[in-house]
Each structure stands twice: as C-alpha cells, then as structure tokens.
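Okay, here's what each chain looks like letter by letter:
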Amino acid sequence: MVESCCSNVRFGCSFVAARVRAKPKFSSVGLDRPTEGFLHFSVELSPMASPSFGASASAGRGAASSVAAAELARLVERSVRESRALDTEALDVVAGEKVWTITCHVHVVDHGGNLVDAASLAAIAALMHYRRPEVAVEKGTEHNGGVTVYSVDERAAVPLSLHHIPISISFCFLQPAAKMQGSNRSDDDVDMDGKHIIFMDPTDREERNTDARISFTLTRSVSFAPCTKSAGLPFLRLSC
C-alpha cells in the first residue's frame, strides 16, 4: 500500500476516523469500464464505539454488526460515487489495462448518533487530503508493463480529482401518537397539527426510537444526488 492519509471527524457526540490508501500494483481493468479506476469503501464498527456493538458480539449476534457496517459502507459509497464527486477516469494509467485502486476505510470510534453523515464527511475529507504517487509510462511500453511509480522524494504526489464536495444531511421522523395504536407517547411528542415530527442530526437514542429516516446528499450546486430512506413509513406519509 502507498502511504495513507487520515481524517478525523467529530460530529456531535460521534467520532469517526477515515483512512485512504492506494495500491501501487495496478489492478486489472473491468471490462464494463476499462478507462475508470476502482473506489472501495469499508466500515468497522468496534465494541469500543457503542455498547450495543459489544453486546451483539457477546450474544453471538456479530452478524448484526457486520450487516450494519456493510449498510453504512454502502450509504457512504453512494454519497460519493452517485454524486460523481470523484473522477474515476483520472485514476486510469494505461487505457484498458492499468488503473489505480483507491480504498477508503472508515472506523467508528464513538457512536453518538447520525453515523451516516459523520462517516460520509470523514470519507470525503480523507479523499480531499490524500495524495497518490506520480506515475510515468515509458513510451512504447504501454502494453508491456512499463509503468514507473515514483516516491514522494522523487516527485510530488498528485491529489485525487474531485469535482465537488458532497454533504450528507439526514432527517428522522416520529409518527404522531394519535396515529399509533397502543402508543405510550405523551401529547408533548405530537405536533400541534397532527403531522409527523421531523428533526435532523439525531442522537443514538433518538435513532433507536425513530419511525423512519431519510438521508439526502447535496452538492455545491444545491442539487440532490443520492436519497436513501430506511425504516417503516412510506414516502407518501412523510409529509412535512
């Protein structure tokens, strides 16, 4: 692995660290996109981040944490990839043969809520600060592996090509108690007009009691890119 770059993000009570690395040995190019590099994301949810992660592991439900980590990695990847923040064609070295493989690993140090926004921000910050080594292809040897990877002492490292900075914003919804059968919620939890209660940047306790969650990714042009919804309420009922 080439020397990595780290970023730390404290988002409320949550603390997330992200690290970006690149492989010096170039990967085989995919047949569907021969001129684009690879971008991979992974997430680690350690028991140190939240007692719930440790409880799942001790109870033999480690798979639950793995599913949650995979889901969080998928959401982070969507916020970066589908918003076209990173120019993957700039990772091409030899057209149709050699490309860079960029890996972003997100480690949740402290889970205080809203991990989607915190992890997305940590990942894009690490991608912004990462510098990959300069490479050179010897003339006439493109098809014979004639690629030279220079160290940072020989040539200045090259930043990744980012078009914009995607920002993830998440909202949670609470269903009015009047519409819930057998609900124990007090009248203070219900909006005056009987509509859903909407709030953003939820804590971990609020996330456990929410009825639905939706995350938007915004770019510099204030356009919406990926939109992800989780939990039970249908879109038609999420009226403001």
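This structure is a prediction, so every number in the text was calculated from the model and none was measured.

### Description of the side chain of Ser14
The topology assignment puts Ser14 in strand E2 (residues 14-22). Polar side-chain contacts of Ser14 include one of 2.9 Å to the backbone nitrogen of Gly112. Polar side-chain contacts of Ser14 include one of 2.6 Å to the backbone oxygen of Gly113.

### Side note on the pairing of strand E14 (residues 212-218)
Along any regular strand, the residues point their side chains to alternate faces of the sheet. Burial analysis of E14 places 6 of its 7 residues in the buried class, the great majority of the element. Here strand E12 (residues 167-174) runs beside E14; their pairing, made up of 7 bridges, is antiparallel. Residue pairing across strands places Ile167 opposite Leu218, the latter belonging to E14.

### A closer look at the environment of Glu89
Structurally, Glu89 is set in the loop between helix H2 (62-81) and strand E5 (92-94). You can call Glu89 partly exposed: its relative accessible area is 48%. Through-space distance from the C-alpha of Glu89 to that of Val99 is 8.8 Å; in sequence the pair is 10 residues apart. Setting aside its immediate chain neighbours within four residues, Glu89 contacts Thr35 and Glu36.

### Topic: the nonpolar core
The biggest cluster of nonpolar side chains holds 41 residues, and the ones touching the most others in it are Phe41, Val43, Leu45, Leu72, Ile102, Val106 and Leu127. Sorting the residues of this core by element identifies strand E1 (5-11), E2, strand E4 (38-45), H2, E5, strand E7 (101-110) and helix H3 (115-129) as the ones contributing at least two each. Element by element, the count of residues in this core is highest for H3, at 9 residues. The contact partners of Val43, leaving out residues within four places of it in the chain, are Ala69, Leu72, Ala73, His105, Val106 and Val108.

### Comments concerning the state of the cysteines
What is meant by a disulfide is a covalent connection between two cysteines, made through their sulfur atoms. As enumerated under the stated definition, the model contains 0 disulfides in all. Among the cysteines around Cys5, which has no disulfide bond, Cys6 carries the closest sulfur, lying 6.5 Å off.

### Here we look at the confidence of the model for the protein chain
Here the protein chain shows a mean pLDDT of 78. Residues at 70 or above account for 72%. Below a pLDDT of 50 lies the segment residues 56-62, which in the model reaches 5 contacts outside its immediate sequence neighbourhood of four places, other chains included. Across residues 236-240, where pLDDT falls below 50, the model places 10 contacts with residues more than four positions away in sequence or in other chains.

### Comments concerning the pattern of salt bridges
Scanning all chains against the criterion turns up 5 salt bridges. A salt bridge links Glu71 to Arg74; its shortest N-O distance comes to 2.6 Å. Of this pair, Glu71 and Arg74 both sit in helix H2, 3 residues apart, which is roughly one turn of that helix. Arg74 gets classed as partly exposed once you look at its relative accessible area, which sits at 37%. Put simply, Glu207 and Arg213 hold a salt bridge, and the shortest N to O gap is 2.7 Å. Overall, Arg213 belongs to the buried group, its relative accessible area being 10%.

### Considerations on a nonpolar patch on the surface
Residues Leu121, Met128, Ile165 and Ile167 make up a contiguous nonpolar surface patch of roughly 290 Å² in combined accessible area. When you line up the elements, Met128 lands in helix H3.

### As for the pairing of E1
Pairing of E1 with E2, which is carried by 7 bridges, proceeds in the antiparallel orientation. Across the sheet, Asn8 pairs through a bridge with Ala17, a residue of E2. Following E1, the chain reverses through 2 residues before pairing antiparallel with E2; Gly12 in that reversal takes a positive phi of roughly 65 degrees.

Rules behind the numbers
Residues numbered from 1 in each chain as written. Predicted model: local features only at pLDDT ≥ 70, side-chain atom pairs only at ≥ 80, totals over all residues. Heavy atoms only, no water. Helix = DSSP H or I, 4+ residues; strand = E, 2+ residues; numbered from the N terminus. Polar contact = N/O pair within 3.5 Å; in protein donor to acceptor, adjacent residues only side chain to side chain. Buried < 20%, exposed > 50% of the residue type's maximum accessible area, 1.4 Å probe, protein only. Pairing = 2+ DSSP bridges. Contact = heavy atoms within 4.5 Å. Core = buried A, V, L, I, M, F, W, Y, C linked by side-chain atoms within 4.5 Å. Disulfide = S-S within 2.5 Å. pLDDT = per-residue confidence, 0-100. Salt bridge = Lys/Arg side-chain N within 4 Å of Asp/Glu carboxyl O. Patch = residues over 30% accessible without salt bridge, like charges linked within 9 Å, V, L, I, M, F, W, Y side chains within 5 Å. Areas by Shrake-Rupley, 256 points an atom, 1.4 Å probe, with all protein chains shown as cover.

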